[in-house]
Amino acid sequence: MGREMTMNSPTEDCNIDSILSLMGGTIFHFIVGIKIMWGNIAPYITSYLVQFEPEVSYHQTLHVYTAVFVGQALFMYLGGQLEKKIGPRLTAYVGAVLISGGTYCSSFCSSLRWLVFCQAFVGVGIGLSYSAPILNGFKHFKGNKGIVTGVITTGTGAGPFLFGLLATTYVNKENYPVDSETGLYDPTTSPVVGRVPGMFQFLGTIYAIVGFLGACLLISPSEEEKPDEVGLVAMGNGEKSPLNNGLGAGINIYDEAMKEEDPKTIRTSTSAFVKGRGHQRYGSRVKFTTTFELTTQQMIRDSLCWLVIATKICTGVSGFYLAATYKNFAQTAIADDHFITVVGCLGCLCSGLSRTFWGMMSDKFGHFQTLEVTAYLSPFLMILYTLTVRSKVAFGICVCTLYGLWGASYCLMPTIAAFLFGEKHMGTNYGFIFLVFGLSCTAIIDTCGASGLSFGALNYVFVFIGFVGAGLCSHIRYLTSKVKDEKVLKHHRATSSVGSMM
């Protein structure tokens, strides 16, 4: 066709406001990833609550963790709407107030119920403000959205790494071990328990400082928005045409990628290319050869949507379970709180940094294939994690690797969803997928906590869930095996705002 994608170079978008906004977004994201540090502080908080409610256990305090997750899942879509109304800076201020305020108020809680309530506000703050820095970065760097999401969401992993170390240093700088029988710090004699309220106040203050610093650096572009260069295609005469103008009169990126002069490429009909594609059902049993642009309502009625959601749940829930319980499980065999803390904090870094690696692998080997490989590796590694807990080296390697494999699901699933259901309605489509995912993961983790099983036994429950997810990945790869997806998937990962919505 003689057409090729054109993108802005980073230097074309680079100015002092854009640099400050990128810095501010990265700094702000230090506080929106804090939910995955729960596993690090759970022993301190559970031990503290036992002095008020002796029946409280690690399994019950999982509700605190899932409350944050539910708050984020319920309010993430609303956060995008709020950013449109009041702008990124005010939206980030709102999020910073809720995150820091909910954390600080947790210091006054003397019951599990009130702690769940306060931490739910932390989740709401995360959900409302998560996307504001990213969306603002897109306005500054119109043609380099992949770079923007990569840089900003680095903070999502770096924050838990830093704050986890600070929390442990504040509460347990002497490296006191838990009681070998109860798995808790003695609420009557251990100085660790008495420092928990101060830890919440310390973290709440730090969150406020970091959050407001990041928010104040978010600067909305003053000039009128120009056409998004990444959404333009260079024509033979040097002019540029939109990829899709919403009416089907422009060029559709899906059709263009699939109309390549390659015998293996699936061609789309000319009528579909000119007039746009109407809704057709994929189903979840028969291979298909092309993709469709679906509204959220159409997507929900398609069984493929629920197959994708089930796959996301089964490949992602084990990571959240690991983040919530790794320290509780490790303390049954390793009496070194500082070591376990460092391992968990490094795992948080691995989760964030691994996403770039999985992106590179998917470009080389394919997105569906990469997700499938990581899905099969995770349950096997979970078995090793369970069996080798008494070895510090083996435990550390398993935790960091599991966090890294977990990152693949959050790197690749949004891109795959954009490919299968279209980019036009991606915000609401993935918002729905993430909502069901969040609520389902909450239900699974809470149910496991209520079962009263040991964490060693629960590990095998998530091994089984992991193998189910791997099988679902294989089925999705089978259904899409006739679709040439590389060009379109690379485009989605570079341009889709939801690619970083972990």
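Our subject is the structure that appears above.
Conventions and cut-offs
- Residues numbered from 1 in each chain as written.
- Predicted model: local features only at pLDDT ≥ 70, side-chain atom pairs only at ≥ 80, totals over all residues.
- Heavy atoms only, no water.
- Helix = DSSP H or I, 4+ residues; strand = E, 2+ residues; numbered from the N terminus.
- Contact = heavy atoms within 4.5 Å.
- Salt bridge = Lys/Arg side-chain N within 4 Å of Asp/Glu carboxyl O.
- Buried < 20%, exposed > 50% of the residue type's maximum accessible area, 1.4 Å probe, protein only.
- Expected span 1.5 Å × (residues − 1).
- Polar contact = N/O pair within 3.5 Å; in protein donor to acceptor, adjacent residues only side chain to side chain.
- 1 Å grid on protein atoms, 1.4 Å probe; cavity = no way out; pocket = protein on both sides within 12 Å on 5 of 7 lines; lining within 4 Å.
- Points joined across faces, edges and corners; volume = space filled by probe spheres on them.
- Axes fitted to C-alpha atoms, helices over the stretch in contact; angles between N-to-C directions.
- Parallel < 35°, antiparallel > 145°, perpendicular 65-115°, else oblique.
- Left-handed = near helix turned anticlockwise from the far one by under 90°.
- Nonpolar A, V, L, I, M, F, W, Y, C, P; charged D, E, K, R; others polar.

Side note on the side chain of Ser354
- With respect to the helices and strands, Ser354 occurs in helix H16 (residues 337-365).
- Residues within four places of Ser354 in sequence aside, it is in contact with Tyr403, Gly404 and Gly407.

Some points on the pattern of salt bridges
- All told, the structure shown has five salt bridges when counted by the stated rule.
- The partner of Arg195 in a salt bridge is Glu174, with the nearest N and O atoms 2.8 Å apart. Of this pair, Arg195 sits in the loop between helix H10 (191-194) and helix H11 (196-216) while Glu174 sits in the loop between helix H9 (154-171) and H10; the two residues are 21 residues apart in sequence, bridging distant segments of the chain.
- In this structure Arg195 comes out as partly exposed when scored by relative accessible area, which is 21%.
- Its salt-bridge partner being Asp337, residue Lys327 comes within 2.9 Å of it at the nearest N-O pair.

A look at H9
- Across its 18 residues, H9 extends 26 Å between first and last C-alpha, which sits within 8% of the 26 Å expected from 1.5 Å per residue.
- Looking at H9, one finds that the buried residues are Gly155, Thr156, Gly157, Ala158, Gly159, Pro160, Phe163, Gly164, Ala167, Thr168 and Val171.

Some details on the side chain of His140
- Its location among the elements puts His140 in helix H7 (residues 132-140).
- Residue classification places His140 among the buried positions, given a relative accessible area of 8%.
- Within the structure, His140 has its side chain in polar contact with the side chain of Ser21 (distance 3.2 Å).

Brief notes about empty space enclosed by the protein
- One pass over the structure, following the stated rule, counts seven cavities of 30 Å³ or more.
- Of the volumes computed, that of the largest cavity is approximately 200 Å³.
- What lines the largest cavity is a set of 18 residues, and nearest its centre among them are Thr315, Ser318, Gly319, Ser378 and Trp406.
- Breaking the lining of the largest cavity down by element, the ones donating at least two residues are helix H15 (303-330), helix H17 (367-387), helix H18 (392-421) and helix H20 (455-479).
- Within this model, the second largest cavity holds a volume of roughly 160 Å³.
- In terms of lining, the second largest cavity is formed by 14 residues, of which the most central are Ile34, Lys35, Trp38, Ile41 and Gln119.

Re the packing of H16 against H17
- With their axes 7 Å apart at the nearest point, H16 and H17 run at an angle of 125° to one another. Classified by the angle their axes make, H16 and H17 are oblique. With respect to the hand of their crossing, H16 and H17 are arranged in right-handed fashion. Contacts between H16 and H17 involve Trp358, Met361, Ser362, Asp363 and Phe365 from the former and His367, Gln369, Thr370 and Thr374 from the latter.
- Grouping the constituent residues of the contact of H16 with H17 by class yields three nonpolar, five polar and one charged.

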